[in-house]
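In case you want the letters, here they are:
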There are 2 protein chains.
Amino acid sequence: MQKDPTGRRPPGAAARARVTLRDVAREAGVSYATASRAIHPGSRKVNEAARDRVLAVALRLNYTPHFPAQAVARGSTATVALAVSDIADPYFSLLAAGARAAADEAGLTLTLAMSGRDPGRELDIVRRLRGQRPRVIVVAGSRVAESPHREALVEELRAFERGGGRVALISQPDLPFPTVSLDNRDAGRQLAVALAERGYRRVAVISGPAGLRTSADRVEGLARGAADAGIALAQRDVVEGEFTREGGHAGALALVERGLGGIDAIVAVTDVMAVGAMSALRDAGVVPGRDVGVAGFDDIPMAVDVTPELTTVAAPLGPMGARAVRLALAGPAAPMTETAVTGVVLRASTPGPGQSGLSDLSGLSGV
Amino acid sequence: MQKDPTGRRPPGAAARARVTLRDVAREAGVSYATASRAIHPGSRKVNEAARDRVLAVALRLNYTPHFPAQAVARGSTATVALAVSDIADPYFSLLAAGARAAADEAGLTLTLAMSGRDPGRELDIVRRLRGQRPRVIVVAGSRVAESPHREALVEELRAFERGGGRVALISQPDLPFPTVSLDNRDAGRQLAVALAERGYRRVAVISGPAGLRTSADRVEGLARGAADAGIALAQRDVVEGEFTREGGHAGALALVERGLGGIDAIVAVTDVMAVGAMSALRDAGVVPGRDVGVAGFDDIPMAVDVTPELTTVAAPLGPMGARAVRLALAGPAAPMTETAVTGVVLRASTPGPGQSGLSDLSGLSGV
DNA sequence: CTGTTAGCGCCTTCAC
DNA sequence: GTGAAGGCGCTAACAG
């Protein structure tokens, strides 16, 4: 390797080529400070001619401000960081899309971090995010009932706030931060009642891992709704699976292998799981929407692309993502928690009595 | 507002609470530099006792290094930036997941930026990304044939490289940067031949917007394959749609309204579009997989969740994302372009002569 | 091994 | 309006 003749090795071979504000200033024949002011729309106090010159030079040199340097000088960045477990899951990509829109609107850039469904790693991610000194951190993900990480997460987020950062959660409203949440219990109840009205009498549930609040709440709501409506939802008709398509698949398989018995509807706690369940059912020779009703939660776009189209409880995921960043940005003035409204969307996967599905069902009930 | 009694207003009310490395050093009774060294695993040259003390204090104070400051001091960051058009599109989320894995592996953090399918905005995004001084910028997206932005994009990326950054593209290999690409022409050819072998004689195509290279190449390949195999793919059987589910939907609708005539298979240039097309067909009373074959490209996970399961040309999206960041990281030593291998996956949406898609489904009624 | 001391690129008071 | 200069938090020579 060639040594730098000056003796002092520059940070990188290409370092000389990095164009800095100082270069722009020199080239434009103004001082460093003036160049800085010219570039920031905020400070109007610059001679128009000089400003134009600076801007022209900047453009010609293809200058870009060094964000990290700006961050260090200003003590804050122009980003909002969003932590999700899995960006490939439509649930989270919808949240992300909404969050991005809101960030954009506020002139901020969205940074995404994926934790990969492990609460320990989630903590890690938040730690790392904190290092970036974003203006806002939004954590999306279902809190685990009583995770040992819970306290640590709270402390981490608190520390971030102490440093002047803003926090918002998309989750259950049980952590001391502004939170956008879904009334999962009520959503479950709504769905159970709707199914009862459509004539279903005995529903099985494919739940997520024990302890996952979102899942537990939905199941609880379903049970309550079933009780209210006078239909059956037995504890032993609840099977557990991962919070993924495969979890739904496995859950449905378990149900089928055990024998559906009188079960006329299967509810999975997410659409993603429901889709997996439908696939498993079909493979097992049970036709969703005819032999058995199927429903999910969230109303992801895919719900209308599967056959039959999936009945679900719609959640305004995009708006929720946006809401979270606005909540955080609003600061202490904002309400502590906001609950999004859900609504049952009945589709072909749970046909009513008049439709082909249920009548077939009664015809087949002897099977 | 209360004025700060010192006269000098700190950057933020909470600024005092921001714990810096200096605080840690003081508290641990060592010098600033030593504290820095203690915290970086790289420099082993620190008294163990002192190091432990520093680490303990850091933990107690919940100290996080200030990344922007590190970036400014070191002249480089530990991030790789990925620019995609739409993160909610499975195509891109799969790329992103793969890229994240590779970044992780290299100890880097992935930053995602979405441009939203507008080439002008894509340029904008890259500009902004450049400001973050990531170690790597990966741009994923189909180049438009001869966009006026093309030159600008190249210049932007060049400037980034001049500043010491690394670049990789996931795209057509026609820009002067390391590129991971798909042989879309060949993929199209493969699919056409496979369809011919299954007995299809006349195929229609739902393409993306004119000028989108990915789309154009796939269509061209299909045409060539069809010609080779002696089956029909008439120019007038190619309809254009947006590069989205809705585009596929609209395209299929157009085809149906015009009258399918002798068309026995419909190929959409992406799975996402194919899914939309299937939905439209179904609504129009044409059963995919029975009345007409349907196929797509990419093999997104959803392909096996729709009914009938979708025939497609599989692309290793995740690995491609990973490959791109590795290519960029490898630097000049790396090959300029890498082409991923695709393969046709035949599924129920294009049953062969002996089979029949939907009869499978109705056949189940005897169960 | 450890402390001192320049910077890194930029913003922002403070005088002129 | 404009320039000089201090400081943001941290890293990395350079001496001890």
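Higher on the page you've got the structure.
Computed from a predicted model, the values in this text were never measured in an experiment.

## Some words on the overall build of chain A
Across its full length, chain A holds 13 helices and 12 strands. Within chain A, buried positions represent 54% of all 367 residues. Looking at chain A alone, contacts between residues at least 24 apart form 75% of all its contacts between residues at least 6 apart. In the structure as shown, chain A presents an accessible area of about 15,500 Å², 54% of it carried by carbon and sulfur atoms.

## Details of the relation of the copies chain B and chain A
Superposition of chain B onto chain A requires a rotation of 180° combined with a translation of 0.0 Å along the rotation axis, giving an RMSD of 0.1 Å. In short, the pair behaves as if placed about a two-fold rotation axis. Take the interface residues of chain B: 95% of them recur as interface residues in chain A, which is what a same-surface contact looks like.

## Some details on the interface of chain B and chain A
The partner chain A presents 56 residues to the 56 residues of chain B that form the contact. Summing the contributions of chain B and of chain A, the shared interface buries around 5,000 Å²; its carbon and sulfur component is 52%. When residues of chain B are sorted by the area they lose upon contact with chain A, B:N62, B:R133 and B:D305 head the list and together hold 13% of the total. Viewed at the interface, chain A and chain B are joined by two salt bridges. Note that A:D305 and B:R245 form a salt bridge whose closest N and O atoms lie 2.6 Å from each other. The interface formed by chain B and chain A includes 23 residue pairs in polar contact (both at pLDDT 80 or more). Of all the secondary structure elements, the ones that give two or more residues to the side of chain B that touches chain A are α4 (67-74), α5 (90-105), β2 (109-114), α6 (119-131), α7 (149-162) and α11 (271-283) of chain B. If you tally residues by element for the side of chain B that touches chain A, the top one is α4(B), at six residues. When grouped by side-chain class, the residues that make up the side of chain B that touches chain A number 24 nonpolar, 16 polar and 16 charged.

## Things to note about the protein's contact with DNA strand C
Neighbouring DNA strand C are 24 residues, the closest being A:L21, A:Y32, A:H40, A:Y63 and B:N47. Atoms of DNA strand C within 4 Å of the protein: sugar and phosphate make up 59%, bases the balance. Residue A:A69 places a main-chain N or O atom 3.4 Å away from a base nitrogen belonging to DNA strand C. One of the backbone nitrogen or oxygen atoms of B:S31 is found 3.1 Å away from a phosphate oxygen of DNA strand C. With five residues, helix α4 (residues 67-74) of chain A is the largest single contributor of residues to the surface near DNA strand C. Class assignment for the residues of the surface near DNA strand C results in 12 nonpolar, eight polar and four charged.

## Digging into the protein's contact with DNA strand D
What surrounds DNA strand D is a group of 24 residues, the closest being A:T34, B:L21, B:Y32, B:H40 and B:Y63. Sugar and phosphate atoms constitute 63% of the interface atoms of DNA strand D, taking the interface as everything within 4 Å of the protein. At 2.6 Å from a phosphate oxygen of DNA strand D is found a side-chain nitrogen or oxygen belonging to A:T34. One of the backbone nitrogen or oxygen atoms of A:N47 is found 2.9 Å away from a phosphate oxygen of DNA strand D. Contributions of two or more residues to the surface near DNA strand D are made by α2 (32-39) and α4 of chain A together with α2 (32-39) and α4 of chain B. Ranked by residues supplied to the surface near DNA strand D, first place goes to α4(B) with five residues. Of the residues belonging to the surface near DNA strand D, the class tally is 12 nonpolar, eight polar and four charged.

## A look at the packing of aromatic side chains
All names here are of chain A. If you walk through the whole model with that rule in mind, you get two aromatic pairs over all chains. Look at Y91 and F92: their rings are 5.1 Å apart centre to centre, the planes differ by 85°, and that puts the pair in the edge-to-face class. Both residues of the pair, Y91 and F92, count as buried. For R22, the ring lying beneath its charged end belongs to Y32, and the centroid distance is 4.6 Å.

## Section: helix α12 (residues 317-330) of chain A
Residues and elements named next belong to chain A. In this model α12 runs 20 Å from its N-terminal to its C-terminal C-alpha over 14 residues, within 8% of the 20 Å that 1.5 Å per residue would give. In this structure, the buried side of α12 is in contact with α5 (90-105), β3 (136-140), β4 (166-170), β5 (179-182), β9 (293-298) and β11 (337-340). Where α12 ends, the next residue or the one after it, G331, has phi of about 80°, a positive value.

## Some points on the packing of helix α8 (residues 184-197) of chain B against helix α9 (residues 213-229) of chain B
All names here are of chain B. Between α8 and α9, the least distance of the axes is 6 Å, while the angle of their chain directions is 40°. Taken together, the axis directions place α8 and α9 in an arrangement best described as oblique. For the element pair α8 and α9, the recorded crossing hand is right-handed. Of the residues in α9, those in contact with N184, R185, G188, R189, L191, A192, V193 and A196 of α8 are R213, T214, D217, R218, E220, G221, L222, R224, G225, A226, D228 and A229.

## What about the environment of B:L61?
Mapped onto the fold, B:L61 is located in helix α3 (residues 48-61). If we skip the residues at most four places from it in the chain, B:L61 touches B:V19 and B:V24.

## Comments concerning the side chain of B:D237
Residue and element names in this part refer to chain B. Within the element layout of this structure, D237 appears in the loop between α9 and β7 (238-240). The class for D237 is buried, based on a relative accessible area of 0%. Setting aside chain neighbours within four positions, we find D237 in contact with R202, V203, A204, V205, R258 and I263.

## What to know about the nonpolar core
If you look at the biggest cluster of nonpolar residues, it comprises 92 residues, and the most contacted ones within it are A:I206 and B:I206. Residues within four places of A:I206 in sequence aside, it is in contact with A:V239, A:G247, A:G248, A:G251, A:A252, A:L255, A:I266, A:V267, A:A268, A:V269, A:M273 and A:A277. Within the second largest apolar cluster, 64 residues are counted, among which are A:V138, A:A168, A:A328 and B:M320.

The rules behind each value
Residues numbered from 1 in each chain as written. Chains lettered and ligands numbered in written order. Predicted model: local features only at pLDDT ≥ 70, side-chain atom pairs only at ≥ 80, totals over all residues. Heavy atoms only, no water. Helix = DSSP H or I, 4+ residues; strand = E, 2+ residues; numbered from the N terminus. Buried < 20%, exposed > 50% of the residue type's maximum accessible area, 1.4 Å probe, protein only. Contact = heavy atoms within 4.5 Å. Areas by Shrake-Rupley, 256 points an atom, 1.4 Å probe, with all protein chains shown as cover. Least-squares fit on C-alpha atoms with pLDDT ≥ 70 in both. Buried area = accessible area lost by both parts, 1.4 Å probe. Salt bridge = Lys/Arg side-chain N within 4 Å of Asp/Glu carboxyl O. Polar contact = N/O pair within 3.5 Å; in protein donor to acceptor, adjacent residues only side chain to side chain. Nonpolar A, V, L, I, M, F, W, Y, C, P; charged D, E, K, R; others polar. Near = heavy atom within 4 Å. Phe/Tyr/Trp six-rings, centres within 6.5 Å; stacked < 30°, edge-to-face > 60°. Lys NZ or Arg CZ within 6 Å of the ring centre and 35° of its normal. Expected span 1.5 Å × (residues − 1). Axes fitted to C-alpha atoms, helices over the stretch in contact; angles between N-to-C directions. Parallel < 35°, antiparallel > 145°, perpendicular 65-115°, else oblique. Left-handed = near helix turned anticlockwise from the far one by under 90°. Core = buried A, V, L, I, M, F, W, Y, C linked by side-chain atoms within 4.5 Å.

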